[in-house]
Amino acid sequence: MGEPRNRYSTVSLLFHWGIALAVLLQVLLITAHENTEGPISGQFVMLHKSLGLTILTLTLARIGWRLAHPAIPLPSGLPRWQRIAARVSHVLFYLALIVIPMTGWLASSAGGRAIEWFGLFAWPLLPIGGGRDAARSLMGLHELAVKGLYVLIALHVLAALKHQFIDRDNVLHRMIPIIPRRP
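Below: a short report on this structure. Quick caveat: nothing in here was measured; it's all calculated off a predicted structure.

Conventions and cut-offs
- Residues numbered from 1 in each chain as written.
- Predicted model: local features only at pLDDT ≥ 70, side-chain atom pairs only at ≥ 80, totals over all residues.
- Heavy atoms only, no water.
- Helix = DSSP H or I, 4+ residues; strand = E, 2+ residues; numbered from the N terminus.
- Areas by Shrake-Rupley, 256 points an atom, 1.4 Å probe, with all protein chains shown as cover.
- Lys, Arg positive; Asp, Glu negative; His and termini not counted.
- Charge placed at Lys NZ, Arg CZ, Asp CG, Glu CD.
- Expected span 1.5 Å × (residues − 1).
- Buried < 20%, exposed > 50% of the residue type's maximum accessible area, 1.4 Å probe, protein only.
- Contact = heavy atoms within 4.5 Å.
- Salt bridge = Lys/Arg side-chain N within 4 Å of Asp/Glu carboxyl O.
- Core = buried A, V, L, I, M, F, W, Y, C linked by side-chain atoms within 4.5 Å.
- Phe/Tyr/Trp six-rings, centres within 6.5 Å; stacked < 30°, edge-to-face > 60°.

If you tally the helices and strands in the protein, you get five helices and two strands. Each helix and strand of the protein, ordered N terminal to C terminal, gives the series α-α-α-β-β-α-α. Along the longest, intermediate and shortest principal axes, the C-alpha atoms of the protein span 55 × 35 × 30 Å. Carbon and sulfur atoms make up 71% of the accessible area of the protein, which totals about 11400 Å². Of the side-chain charges in the protein, 17 are positive and 8 negative, and the distance between the mean point of each set is 11 Å.

Rendered as C-alpha cells:
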C-alpha cells in the first residue's frame, strides 16, 4: 500500500480554484451592473447569467468527480466537531453552488427573460410560469443564498488560516501545493 495522498488531485484543484474565481467574477459582474446603466449594464447581467450557469455545470461535474474520487483524509488529530463542520460546510458549498444559479435560471425563466450563453447560443428557459411576481420571489431566494455563500466563504477562509497558522497541520498545503509542506 502506497503513502497516503497529502494534497488534492490536479483536477480537484482546478475545480476548486476555477469555481472560486468564477464566484469572484460573479460579484464583480453584478457590482458592475449595479453601477452602470443602459446596454452595458445589460451586458454585465448577461455575462453574470452565463457565468452562473457555467458555475452550475462545473459544480455538477465537480460533484461527479468527487463521488468517483473521494476526498483525501482529514488530519488524524482533528477533533470530531471539526470533522463534522468540515463535511457540513462542503455539503453547504455544493448546495449553494447549485441553488444560487438554479434560482437565477428559474427567475429568468419565470420572467420570460432570455439567456444568451456568452452570446454563443440561447440557453433554454425552464418551463415555469408566474411572471414578474414569481421572478421577484425567486430573486429574493437567489440573493438570500448568495448571502449564505458569503458567510460560508468567510468561514472557509478563516478555517484555512487557522489550520495554517495555529494548527500548523498542512491543511492549506492540500489546496495550495506551492505552500511548503511542514514536516
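Glancing now at helix α2 (residues 38–68). For the α-helix, the turn length of 3.6 residues means that residues three or four positions removed from each other point alike. Spanning 31 residues, α2 covers 46 Å between terminal C-alpha atoms, matching the ideal 45 Å at 1.5 Å per step. Those residues of α2 not exposed but buried are Ser41, His48, Lys49, Ser50, Leu51, Gly52, Leu53, Thr54, Ile55, Leu56, Thr59 and Arg62. Considering only its buried residues, α2 is in contact with α1 (10–34), α3 (80–110), β1 (115–117), β2 (121–123) and α4 (131–167).

This part takes up the pattern of salt bridges. Counted by the stated rule, this structure contains two salt bridges. Asp133 is the partner of Arg136 in a salt bridge, and the nearest nitrogen-oxygen pair spans 3.2 Å. Here Asp133 and Arg136 lie together in helix α4, a separation of three residues that amounts to about one turn. The class of Asp133 is exposed, set by a relative accessible area of 54%. The salt bridge involving Asp167 is made with Lys162; its shortest N-O contact spans 2.4 Å. On the basis of relative accessibility, which here comes to 30%, the residue Asp167 falls in the partly exposed class.

Further remarks concern the nonpolar core. Counting 14 residues, the largest nonpolar core has Ile19, Val23, Leu51, Ile55, Leu97, Ile100 and Leu149 as its most contacted members. Elements with a contribution of two residues or more to this core: α1, α2, α3 and α4. Setting aside residues up to four positions removed in sequence, Leu97 forms contacts with Ile19, Val23, Ile55, Leu56, Thr59 and Leu149.

Here His173 shows up in helix α5 (residues 171–175). Apart from the residues within four sequence positions on either side, His173 is in contact with Asn6, Arg7, Ile179, Pro180 and Arg181.

Along its 37 residues, α4 runs 52 Å from first to last C-alpha, staying within 8% of the 54 Å computed at 1.5 Å per residue. Elements in contact with the buried residues of α4: α1, α2, α3 and α5. Looking one or two residues beyond α4, the residue adopting positive phi is Arg168, at roughly 50 degrees.

As a further point, take the packing of aromatic side chains. Across all of its chains, the model carries four aromatic pairs by this definition. Arranged with centres 4.8 Å apart and planes meeting at 80 degrees, the rings of Trp117 and Phe118 form a pair that is edge-to-face. With a relative accessible area of 21%, Trp117 lands in the partly exposed category. Aromatic pair Phe121 and Trp123: ring centres 6.2 Å apart, planes at 20 degrees, arrangement stacked. Classification of Phe121 by relative accessible area gives partly exposed; the value is 38%.

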